[in-house]
Amino acid sequence: MLDALGDPTRRVILETLRTGGPCSVGVLAERVPVSRPAISQHLKVLGAVGLVQHESRGTRNIYRVHQAGLDELRSWLDRFWGDALQAYADHVQRTVKRTEEERE
Amino acid sequence: MTVEQDISPLVKTVVVPVGVDRAFEAFTAETSAWWPLFSHSVGAAAANEVRLEGAVGGRIVEYGADGEIATWGTLSHWEPPASLSFSWHPGQDPSEAGQVTVTFEATGEGTQVQLVHSGWERRGDGGRARLSYDTGWDYVLGKYVEHAR
């Protein structure tokens with residue numbers, strides 16, 4: 001998922017879908033300055049990691065942001081700070097033990 | 001039609017069995033001793049230190065053997081031992097920075113440390129900036145994923 005977002009064009013596509021709502025490749029091509037085949041390729045990558053979903057309407061595919069994929073991204077951030085704070089608490093705990101041992 | 005945008009702040013708390021003064025000191029002056037640099041840094045294996053310059057306008061800087069690797073943020077509030085706030089943009093453009101506030105409060109068991117990560121709603125584009133923020137983590141978190149494997 002994170003690799004998928006390493007590409008700036010893919011971030012723009014995702015932001016466009018997020019702020020503008022679901023749309024087709026044709027509409028995306030009008031809003032994002034890359035070719036339709038390139039957009040299709042990027043959508044395939046975003047779809048593979050669960051950040052974008054699509055449904056068929058007649059001959060067209062309509063693409064939308066997959067909220068669960070974004071939630072997963074948020075949970076990464078949550079884990080990031082969780083890990084950092086746990087490491088902090090462990091450090092404080094270690095220094096408490098050291099101080100107690102010095103007293104004994 | 002727009003997609004629902006989640007701009008709620010991220011809140012994390014931890015309780016440490018020491019007084020507020022000690023809790024603040026460990027957090028701000030001994031950061032390198034506990035911060036998981038191998039996974040939570042821009043330089044990953046190259047990073048060997050992180051230093052927080054304790055004053056308003058001070059920076060949080062990641063160092064490697066050859067000096068500064070990255071500035072993670074800048075302190076906007078410094079009130080030892082009660083709280084501190086800083087912008088947060090490791091590995092990304094400072095204009096897309098989030099805001100982190102850490103507060104230290106005495107409890108029966110020691111000190112409760114609460115970290116609130118917000119700031120995307122400060123910007124006119126709301127959730128959109130938030131998304132930029134999230135995606136700005138791809139490098140740092142990518143390293144984390146590599147490590148976790």
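Anything mentioned here points back to the structure above.
Residues numbered from 1 in each chain as written. Chains lettered and ligands numbered in written order. Predicted model: local features only at pLDDT ≥ 70, side-chain atom pairs only at ≥ 80, totals over all residues.

Novice: Which parts of the structure should I look at to understand the overall build of chain B?
Specialist: Per the secondary structure count, chain B includes four helices and seven strands. Starting at the N terminus, the α and β elements of chain B follow one another as β-α-α-β-β-β-β-β-β-α-α. Going through the 149 residues of chain B one by one, you find that 36% of them count as buried. Put simply, 39% of the contacts in chain B that link residues at least 6 apart link residues at least 24 apart. (Helix = DSSP H or I, 4+ residues; strand = E, 2+ residues; numbered from the N terminus. Buried ≥ 20, exposed ≤ 12 C-beta atoms within 10 Å, placed from the backbone. Contact = placed C-beta atoms within 7 Å.)

Novice: How should the pairing of strand β5 (residues 83–88) of chain B be read in this particular structure?
Specialist: Residue and element names in this part refer to chain B. Bridging between strand β4 (residues 67–79) and β5 involves four bridges; their strand directions are antiparallel. Bridging from a neighbouring strand, Leu75 pairs with Phe86 of β5. Where β4 folds back onto β5 in an antiparallel hairpin, the turn is made up of three residues. (Pairing = 2+ DSSP bridges.)

Novice: In this structure, what is going on with helix α3 (residues 36–48) of chain A? I would like to understand it.
Specialist: In an α-helix, one full turn covers 3.6 residues, which means residues spaced three or four apart are oriented alike. All names here are of chain A. Given a rise of 1.5 Å per residue, 13 residues ought to cover 18 Å, and the 18 Å separating the end C-alpha atoms of α3 matches this to within 8%. Buried within α3 we find Ile39, His42, Leu43 and Leu46. Burial along α3 is one-sided: seen end-on, the buried residues are contained in an arc of 105°. Pointing more than 90 degrees away from the buried face of α3 are the exposed residues Pro37, Lys44 and Ala48. Where α3 is buried, its residues meet α1 (8–20), α2 (25–31), β2 (52–57) and β3 (60–65). Two residues or fewer after α3 comes Gly50, characterised by a positive phi angle close to 85°. (Expected span 1.5 Å × (residues − 1). Arc of directions from axis to C-beta.)

Novice: I keep staring at the sheet that holds strand β1 (residues 23–24) of chain A and nothing clicks. Help me out?
Specialist: Picture the strands of a sheet paired through backbone hydrogen bonds; they go either parallel or antiparallel. All names here are of chain A. Strand order in this open sheet of three strands is β1-β3-β2, and the pairing throughout is antiparallel. Two strands lie at the open edges of the sheet, namely β1 and β2, each paired on one side alone. Lying on the sheet, α1 is in contact with β1, β2 and β3; it crosses β3 at an angle near 85°. (Axes fitted to C-alpha atoms, helices over the stretch in contact; angles between N-to-C directions.)

Interpretation in functional terms is not warranted from these geometric data alone.
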